[in-house]
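Structural features, examined
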Amino acid sequence: MRTRTAIAALTALLSCEVPSHAQSASPLSSASPLYREVIDETGRTVRVPQPVNRIISLAPSLTETVYALGLQDHLVGDTVYCDYPPDAQKKTKVGDTINPSLEQIAALHPDLVLVTSINRFETENALETLGIPTYGTDPHTVDAIMSSSRKLADVLGAPEAGVSVAEDMQRHLADLQHRLGAVPPKRVLFVVWHQPLISVGKHTFIADALRLAGAVSIVDSEQDWPHVSLEEVARLQPDFLVFAASHSDSAAPTVDALATLPGWNIVDAVTNRRFAVISDAVNRPAPRIVSAIEDLARQLHPDAFVEKPEKEKDKNEKPAPAPIPPPPSPLSLLSSALQYNPAIAGGCACAR
Amino acid sequence: MRPLTLRRLLLQCSILLVILFGVVVIAIKFGAVPVSLYALGRDLWNVLVHQRAAISSDYVLIIQNIRLPRILLGIIVGASLSVAGTSFQALLRNPLADPYVLGVSSGAGLGAILALIAEPHLNVSPTLAALLTPVGAFLGAAATITAVYFLGRREGQIDGNTLLLGGVITGSFISAIIMFLMSTLSGNLRGLSFWLMGELSTPLQKSIYWFLGIGFLAAAGAIYTTASDLNLLLAGEKEAMHLGVDVPRVRLVVYVAASFLTGLAVSVSGAIGYVGLIVPHVMRLIFGSDHRTLLPTAAIGGAIAVVFADTLARTVVAPSELAVGAVTAVVGAPLFIYLLRRRLA
């Protein structure tokens with residue numbers, strides 16, 4: 001009986017006009033539940049309830065994006081890996097990215113669950129079986145992170161926030177390209193994990209982030225997370241090794257400890273201590289990646305940042321329209337800090 | 001062997017069913033989301049008296065849509081694996097035989113994966129496509145047990161240790177192929193851990209549960225018709241033949257049905273290990289080795305074991321989850337070593 005009523009109600013709803021993009025601008029505009037059909041980045045058609053009041057994020061990058069869009073009050077659950085911004089740690093946890101608890105998700109009554117390429121397709125299918133809509137993102141470049149954030153903002157009913165976040169990213173990157181000008185890119189090895197040595201393939205957003213920071217990955221693989229042999233690294237001899245550091249990861253060895261690992265001394269960048277350690281924001285396809293790109297550019301091309309210190313200071317103090325974190329501390333501070341406690345994450349790509 | 005009476009069989013089964021019911025209640029009660037016994041009782045009462053409007057939406061969401069289907073799946077998978085293990089042990093006259101140890105679960109997994117890969121190219125109707133995976137898993141299981149059977153034969157007789165070694169090696173070889181396929185292919189395939197460790201977390205379409213239930217009853221029923229013959233087979237194939245057992249027919253029926261049960265379980269839950277090893281052993285210790293009681297008690301015991309293991313799998317690291325296969329392996333592998341040492345001593 002109840003099902004029949006529900007079906008009748010649903011049919012009535014379906015016959016209503018599907019709200020267009022412009023009409024669904026504010027998440028609080030309509031009182032009655034409506035649906036909007038969108039196609040997500042994996043090509044699936046998703047029926048998104050309107051407005052989207054309760055969001056669950058199943059990846060740290062998606063959590064960061066939701067915060068960057070200023071929609072954190074609608075975020076009712078996230079994963080145990082969602083540690084940025086710190087407030088995200090206080091949200092109800094639904095498990096990890098690989099094995100979240102379906103019942104915990106269902107109990108939070110989400111309007112929409114956000115998933116990305118690190119989640120398993122079983123999770124999406126299971127949620128679909130339970131009638132919980134999921135929206136998937138899959139950005140492979142920094143440009144795609146911008147458009148993905150914009151599209152997500154639109155789906156979540158906050159298109160202006162999306163435009164402003166994307167414009168902000170765009171402005172920072174344009175500024176950076178202007179500074180870097182035509183400097184020859186540094187050849188780097190991005191270390192995703194050091195034992196076994198895993199780097200990034202050319203179709204990842206991290207490889208793209210390296211390009212924007214005036215670097216080029218010595219690894220040119222079709223695979224996204226290729227295992228690389230030390231011999232190959234020694235043959236290619238990168239100018240720099242790039243690591244992503246996270247404060248939560250204390251198990252990883254220090255940069256100095258890495259130099260003593262067997263075999264690593266055949267890499268000149270290791271013996272000469274030519275490292276760049278950047279924030280683990282680089283591992284997460286979210287707006288904050290821009291700060292990691294800027295940071296890397298500063299470390300790799302310090303000359304490009306010395307001429308106009310006042311202008312740079314201006315830029316740092318300019319309030320950001322969206323809650324993008326401020327650019328990281330100046331190079332001198334960061335590198336001195338790293339010499340004393342250079343915890344490397346090796347940042348598992350699985351937890352981005 | 002004490003003469004079997006229907007009354008004794010029913011008594012044994014009902015004791016186990018009461019235990020299963022208790023485990024099911026525990027499994028319904030505990031999970032990542034706390035549910036109070038009062039709320040549970042109230043909702044169950046409302047379901048019984050058809051007071052649909054009074055049922056809380058959390059009950060429908062969590063108990064009815066997530067926990068109950070998962071428990072049902074655990075019951076079917078556990079019973080299937082346990083009956084398959086009992087059958088393999090009788091047929092191979094080796095108490096350490098188990099679908100997982102013999103590599104049959106891996107074979108079923110490989111068959112299921114190949115079916116999933118082939119599905120888009122076969123151009124079949126959706127109903128048929130849904131059956132492709134279990135059929136592929138069955139064929140994979142049947143091919144593996146045949147291969148392991150011949151690997152384990154020495155001079156026309158089954159050699160217990162050679163058989164086990166052959167099974168373990170076959171299983172690890174097939175797992176390597178699965179790993180290779182998983183790293184070269186991507187797309188809409190289940191994750192690697194599913195096929196190697198097994199899990200019950202994904203809810204299935206309603207029709208699949210019917211297919212599983214009917215498939216289990218048919219295959220387990222077929223095996224049960226040979227229960228007396230399996231008892232005689234314990235004495236040896238030649239001896240059984242002299243006692244009038246149609247050994248080739250029994251062998252065919254039991255191999256096919258046990259492979260089918262393994263394929264059925266693996267296609268929906270991946271490779272959950274050691275259930276088919278532990279449960280028949282425990283049941284044999286309690287109720288004796290008469291297959292007419294062993295088969296049904298092992299079926300219920302397998303259901304109890306998997307539902308209980310899965311309850312642990314989804315609560316110990318909540319809100320994240322373990323693979324249920326990891327839980328059964330933690331208990332099963334040491335027991336396997338113990339039984340192996342005792343047999344060799």
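Just so we're clear, the structure is a prediction, and the values are computed from it rather than from any experiment.

Procedures and definitions
Residues numbered from 1 in each chain as written. Chains lettered and ligands numbered in written order. Predicted model: local features only at pLDDT ≥ 70, side-chain atom pairs only at ≥ 80, totals over all residues. Helix = DSSP H or I, 4+ residues; strand = E, 2+ residues; numbered from the N terminus. Rg over C-alpha atoms; globule rule 2.2 N^0.38 Å. Buried ≥ 20, exposed ≤ 12 C-beta atoms within 10 Å, placed from the backbone. pLDDT = per-residue confidence, 0-100. Contact = placed C-beta atoms within 7 Å. Pairing = 2+ DSSP bridges. Axes fitted to C-alpha atoms, helices over the stretch in contact; angles between N-to-C directions. Parallel < 35°, antiparallel > 145°, perpendicular 65-115°, else oblique. Left-handed = near helix turned anticlockwise from the far one by under 90°. Nonpolar A, V, L, I, M, F, W, Y, C, P; charged D, E, K, R; others polar.

**Describing the overall build of chain B**
Along the backbone of chain B there are 14 helices and 2 strands. For 345 residues, the compact-globule estimate of 2.2 N^0.38 gives 20 Å, and the C-alpha radius of gyration of chain B, at 20 Å, lies within 12% of that figure. Summarising its shape, the C-alpha atoms of chain B cover approximately 65 × 55 × 40 Å along the three principal directions. Within chain B, the fraction of its 345 residues that count as buried is 48%.

**Regarding the confidence of the model for chain A**
Residue and element names in this part refer to chain A. In this model, chain A carries a mean pLDDT of 79, and residues with pLDDT of at least 70 account for 74%. Low pLDDT, under 50, characterises residues 1-31; the predicted model gives this stretch 28 contacts beyond four residues in sequence or across chains. Note that pLDDT drops below 50 for residues 311-352; the model gives that stretch 79 contacts with residues more than four away or on any other chain.

**Some remarks on the sheet that holds strand S6 (residues 112-115) of chain A**
All names here are of chain A. Strand order in the open sheet formed by 5 strands is S5-S4-S3-S6-S7, with parallel pairing between adjacent strands. Edge positions in the open sheet fall to strand S5 (92-93) and strand S7 (134-136), since each of these has one partner strand only. Pairing of strand S3 (residues 55-57) with S6, which is carried by 3 bridges, proceeds in the parallel orientation. Bridge pairing in S6 links Ile56 to Val113. Against the sheet, helix H2 (residues 60-68) touches S3, strand S4 (75-78) and S6, its axis set at about 140° to S3. Relative to S7, helix H4 (residues 121-129) is tilted by about 150°, and along the sheet it contacts S6 and S7.

**A closer look at the environment of Ser148 of chain A**
All names here are of chain A. Among the structural elements, Ser148 can be located in helix H5 (residues 142-155). Since 27 C-beta atoms lie within 10 Å of it, Ser148 is described here as buried. Separated by 14 residues in the primary sequence, Ser148 and Gly162 place their C-alpha atoms 9.1 Å from one another. Contact partners of Ser148, with chain neighbours within four places excluded, come to Glu41, Thr137 and Pro139.

**Structural notes on the sheet that holds strand S12 (residues 240-245) of chain A**
For sheets, the rule is that strands pair by backbone hydrogen bonds, running either parallel or antiparallel. Residue and element names in this part refer to chain A. Pairing is parallel in the open sheet, where 4 strands are placed in the order S11-S8-S12-S13. Strands with a single pairing partner mark the edges of an open sheet, and in this sheet they are strand S11 (215-217) and strand S13 (275-279). With direction set aside, neighbouring strand axes in the sheet form an average angle of 40°. In this sheet, S13 lies alongside S12 in parallel orientation, the contact comprising 5 bridges. Directly across from Phe243, in S13, lies its bridge partner Val277. Relative to the sheet, helix H7 (residues 205-212) contacts strand S8 (186-191) and S11, its axis offset from that of S11 by approximately 150°.

**A closer look at the packing of helix H3 (residues 57-91) of chain B against helix H11 (residues 247-269) of chain B**
Residue and element names in this part refer to chain B. As a packed pair, H3 and H11 sit with axes 9 Å apart at the nearest point and diverge in direction by 150°. The angle between the axes of H3 and H11 places the two elements in the roughly antiparallel class. Note that H3 runs across H11; the crossing there is left-handed. Contact residues: H3 offers Leu73, Val77, Ser80, Leu81, Val83, Ala84, Ser87, Phe88 and Leu91, while H11 offers Arg251, Val254, Tyr255, Ala258, Leu261, Thr262, Leu264, Ala265, Val268 and Ser269. Class assignment for the residues of the contact of H3 with H11 results in 14 nonpolar, 4 polar and 1 charged.

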